[in-house]
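# Coordinate inspection notes
What follows is the residue order along each chain.
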Amino acid sequence: MHVRLRAASAYNITDYDRATTNMITRIEIRRATAGDAEAVYEIVLRALRETNARDYPASVIDRLVLTLPKGVASTLEEWHAYVAVVDGRTVGTGSLNGNTVRAVFVHLDYQGRGIGTKLMDAVENAANVQYESTLNVQSSITAQPFYAKRGFKVVREAFYGEERTILMSKDISGPSE
Ligand SMILES: CC(C)(COP(=O)(O)OP(=O)(O)OC[C@H]1O[C@@H](n2cnc3c(N)ncnc32)[C@H](O)[C@@H]1OP(=O)(O)O)[C@@H](O)C(=O)NCCC(=O)NCCS
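What counts, and at which threshold
Residues numbered from 1 in each chain as written. Predicted model: local features only at pLDDT ≥ 70, side-chain atom pairs only at ≥ 80, totals over all residues. Helix = DSSP H or I, 4+ residues; strand = E, 2+ residues; numbered from the N terminus. Buried ≥ 20, exposed ≤ 12 C-beta atoms within 10 Å, placed from the backbone. Contact = placed C-beta atoms within 7 Å. Core = buried A, V, L, I, M, F, W, Y, C linked by C-beta atoms within 7 Å. Expected span 1.5 Å × (residues − 1). Bend = angle between axes of the 7 residues up to and from the residue. Axes fitted to C-alpha atoms, helices over the stretch in contact; angles between N-to-C directions. Parallel < 35°, antiparallel > 145°, perpendicular 65-115°, else oblique. Left-handed = near helix turned anticlockwise from the far one by under 90°. Nonpolar A, V, L, I, M, F, W, Y, C, P; charged D, E, K, R; others polar. Near = placed C-beta within 6 Å. Pairing = 2+ DSSP bridges.

### Some thoughts on the overall build of the chain
Looking only at helices and strands, one finds four helices and nine strands in the chain. Helices and strands appear in the chain in the N-to-C order β-β-β-α-α-β-β-β-α-β-α-β-β. The burial tally for the chain puts 32% of its 177 residues in the buried class. Residue pairs at least 24 apart in sequence account for 58% of intrachain contacts in the chain once pairs closer than 6 positions are excluded.

Structure, rendered in structure tokens:
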């Protein structure tokens, strides 16, 4: 069962989800603030080590953990960033920078529960508000099926040494569904 209550200020959505257990879970998507930096740092670090590590060699993960968590945590207010908060715990993040999706990360324990989807709904909504016609993302190998499910198409691959990423793009110029 899925109950959606929309409390929309700029973009702020609260869902109540009892799909997996009988307990009702409160999921909130809200704009990130500098105060979320520490939690976001941990989410990105753990997702890299525990999720992306299945798809990339250790040398790539070791390099990314030195720069990416800090980079994402320090740009929350510069980018149009959101966080997902479940029962008071920050468990995911996702951002828009111009017409590019940045840093969509969900804590391992909360993946597969639609939280990435809710974060991307917020990011795409922000892109629509900016009248963007195209949305780009430099996807990890890990997230390619996730973005493909949302209608992103592969543009090309890019390599940073051993790190393979996939540039993907989505036309958002039409009326929203
Ligand atoms: C990619 C990521 C953000 C997805 O978050 P999530 O909360 O697990 O995603 P959702 O539960 O909303 O999944 C939405 C759909 O995508 C699918 N999906 C998500 N990740 C997938 C994966 N790695 N492989 C295949 N399908 C995937 C889900 O099965 C679901 O499909 P459904 O609608 O048919 O049920 C998360 O796995 C993650 O943090 N990965 C590591 C970090 C990363 O690579 N981020 C992208 C950087 S560009």
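### Observations regarding the nonpolar core
Nonpolar side chains in soluble globular proteins generally cluster together in the buried interior. Val40, Val44, Tyr82, Leu119 and Val123 are the most contacted members of the largest nonpolar core, which has 38 residues in total. Of all the secondary-structure elements, those providing two or more residues to this core are strand 3 (25-31), helix 1 (37-50), helix 2 (58-74), strand 4 (80-86), strand 5 (89-97), strand 6 (100-106), helix 3 (115-129) and strand 7 (134-140). For this core, the element with the most residues is helix 3, which contributes seven residues. In this view, Val40 contacts Ala32, Val72, Ala73, Leu76, Val83 and Thr93; residues no more than four positions away in its chain are not counted.

### Describing helix 2
An ideal rise of 1.5 Å per residue puts 24 Å on 17 residues; helix 2 measures up with 24 Å between its terminal C-alpha atoms. At Val65, helix 2 shows its maximal kink, close to 40°; a proline, Pro69, follows between one and four residues later. Among the residues of helix 2, those classed as buried are Leu64, Pro69, Val72 and Ala73. Buried residues in helix 2 make contact with helix 1, strand 5 and strand 6.

### Some details on the packing of helix 1 against helix 2
For the pair helix 1 and helix 2, interaxial distance at closest approach is 8 Å and the crossing angle is 155°. Classed by the angle they form, the pair helix 1 and helix 2 counts as roughly antiparallel. The interaxial crossing formed by helix 1 with helix 2 has right-handed handedness. Packed against helix 1, whose contacting residues are Ala37, Val40, Tyr41, Val44, Leu45, Leu48 and Arg49, the element helix 2 presents Ile61, Leu64, Val65, Leu68, Pro69, Lys70, Val72, Ala73 and Ser74 at the interface. Residues that form the contact of helix 1 with helix 2 fall into these classes: 13 nonpolar, one polar and two charged.

### Some points on the site of the ligand
As a matter of local geometry, the ligand sits amid 20 residues, with Gln111, Gly116, Thr117, Ala143 and Pro145 nearest to it. Of all elements in the fold, only strand 6, helix 3, strand 7 and helix 4 (144-149) reach the threshold of two or more residues within the shell around the ligand.

### Some words on the pairing of strand 8 (residues 153-160)
Within strand 8, only zero of the eight residues are buried, which leaves the element largely exposed. Hairpin geometry of strand 8 and strand 9 (residues 163-171) is characterised by an intervening segment of two residues between the two adjacent antiparallel strands and by a positive phi of about 60° at Gly161.

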